[in-house]
Amino acid sequence: MAKERRRAVLELLQRPGNARCADCGAPDPDWASYTLGVFICLSCSGIHRNIPQVSKVKSVRLDAWEEAQVEFMASHGNDAARDAYESKVPPFYYRPTSSDCQLLREQWIRAKYERLEFTHPEKQEPYSAGYREGSLWKRGRDNGQFLSRKFVLTEREGSLKYFNRNDAKEPKAVMKIEHLNATFQPAKIGHPHGLQITYLKDNSTRNIFVYHEDGKEIVDWFNALRAARFHYLQVAFPGASDADLVPKLSRNYLKEGYMEKTGPKQTEGFRKRWFTMDDRRLMYFKDPLDAFARGEVFIGSRESGYTVLDGLPPSTQGHHWPHGITIVTPERRFLLACETESEQRAWMEAFRKVVDRPMLPQEYAGECGGWGGGGGGPQHFLRGSDTAGRLSFSSGSPLQA
């Protein structure tokens, strides 16, 4: 009898919607919440265990199932739960996937089932009101210490500001929503709630790193920033659909990690630097938590003369790491080296995804050549010297930001 009930639960996995985790979309879920009637993955099941007043979980394959539990699962399922618990998710609210950090998945699950935010829209006020004020721990640019700072988000002014003191009249920085991005970076920042915010300052990319001890608080900030971006883009592009705008609200980096680089003449030694691939911009930093990039390179499409090659030219010298990558642009070649073959493959895959993607008209307009110096568009060239001035970029149309 127990085997028959377990077999019946396994058969329920074949129904539409049940073959992927109800919360993060991971394939082949092996667990189930028998109080919510959803099939979930191992990772999300751990989060469900932390809200036992709402959700109780069992292994689909290993645990014993009671007849009433099987019947409950059969009368519910992932699609029915989505209709019930996600009926009023705002379009700007970030829906995490299996590759997102634990914090985003945990707060998504708690928002759905514990706080019922997406069945009662009035509970969404903390991130949908258009104004938010509070304190976040911000990393100092020079000393690296995290200090409490007052932050104010005003959708009406289209900006995020922070103040060095709560009673300060003038903000230390004003970040325009138009050019702002936020992405969770717990490993890099060294805190499970670490959030990286990028914006433009003096036409250069600026990073700030913040966190809040309360997970809900920092995720509310993240979704409030996305909401402000969403409403800004709705005004800027009145004919665009939600489906067009939502992918532009925030973006995770395609790839980050250490590589070695050499200068423009390729005669100086290679230096270890932290690289970030952000859309079509490859930036490098001396340290992962630097406020400014030391240089950037714009990577276009194959049709525009960009290619990524495995390895380095035979005459290359000065690199300590053995696994080379050559990026070919219309003007020059960039030589990079990775420590391991697996890192090389991962970077090659990231570069090729960009090169294989056709360029948009705005990206052609922003592309510019020349070594060093300013200019308004994304640069073809990395700096040859880490001590040289920073390269600037503009994101062009906000829809491409």
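Criteria and cut-off values
Residues numbered from 1 in each chain as written. Predicted model: local features only at pLDDT ≥ 70, side-chain atom pairs only at ≥ 80, totals over all residues. Heavy atoms only, no water. UniProt positions renumbered as here; feature names shortened; annotations may be inferred. Axes fitted to C-alpha atoms, helices over the stretch in contact; angles between N-to-C directions. Helix = DSSP H or I, 4+ residues; strand = E, 2+ residues; numbered from the N terminus. Parallel < 35°, antiparallel > 145°, perpendicular 65-115°, else oblique. Left-handed = near helix turned anticlockwise from the far one by under 90°. Contact = heavy atoms within 4.5 Å. Nonpolar A, V, L, I, M, F, W, Y, C, P; charged D, E, K, R; others polar. Pairing = 2+ DSSP bridges. Phe/Tyr/Trp six-rings, centres within 6.5 Å; stacked < 30°, edge-to-face > 60°. Buried < 20%, exposed > 50% of the residue type's maximum accessible area, 1.4 Å probe, protein only. Lys NZ or Arg CZ within 6 Å of the ring centre and 35° of its normal.

- Per an unreviewed UniProt entry, the protein goes by ArfGAP with dual PH domains 1 and derives from Panthera leo.
- Listed in UniProt under the heading Subcellular location (unreviewed entry), the comment for the protein reads: "Cytoplasm".

**Side note on the packing of helix 2 (residues 42-49) against helix 5 (residues 102-114)**
Moving on, step 1. Running from amino to carboxyl end, helix 2 crosses helix 5 at an angle of 55°, the nearest separation of the two axes being 10 Å. Viewed along their axes, helix 2 and helix 5 adopt a mutual orientation that is oblique. Considering how the two elements wind past one another, helix 2 and helix 5 form a crossing that is right-handed. Across the interface between the two elements, Ser-43, Cys-44, Ile-47 and His-48 from helix 2 touch Gln-102, Arg-105, Glu-106, Ile-109 and Tyr-113 from helix 5.
Moving on, step 2. Residue composition of the contact of helix 2 with helix 5, by class: four nonpolar, three polar and two charged.

**Notes on the sheet that holds strand 4 (residues 131-139)**
Moving on, step 1. Judged by pairing direction, the sheet is antiparallel, and its seven strands sit side by side in the order 7-6-5-4-10-9-8 without closing on themselves. Sheet topology places strand 7 (173-176) and strand 8 (181-184) at the edges, where each strand pairs with a single neighbour. Averaged over neighbouring strand pairs, the angle between their axes works out to 35° when direction is ignored.
Moving on, step 2. Packing of helix 8 (residues 215-236) onto the sheet brings it into contact with strand 4, strand 5 (146-154), strand 6 (159-163), strand 8, strand 9 (195-201) and strand 10 (204-211), and relative to strand 4 it is tilted by some 120°.

**Some words on the packing of aromatic side chains**
Moving on, step 1. Tallying each qualifying case throughout the model produces 18 aromatic pairs.
Moving on, step 2. Measuring from centroid to centroid gives 6.3 Å for Phe-92 and Tyr-127, while their planes differ by 75°, and the two rings are edge-to-face. In this pair, Phe-92 sits in the loop between helix 4 (78-85) and helix 5 while Tyr-127 sits in helix 6 (residues 125-128), placing the two residues 35 residues apart along the sequence.
Moving on, step 3. Residue Phe-92 is classed as buried on the basis of its relative accessible area, which comes to 5%.
Moving on, step 4. Judged by its relative accessible area of 2%, Tyr-127 is buried.
Moving on, step 5. Site record: aromatic cluster; members linked through ring pairs are Phe-92, Tyr-93, Trp-108, Phe-118, Tyr-127 and Phe-230.
Moving on, step 6. For the cation-ring pair, Lys-58 lies above Tyr-34, with the distance from its terminal atom to the ring centre recorded as 5.4 Å.
Moving on, step 7. The ring of Phe-163 has Lys-150 lying over it, and the distance from NZ or CZ to the ring centre is 5.2 Å.

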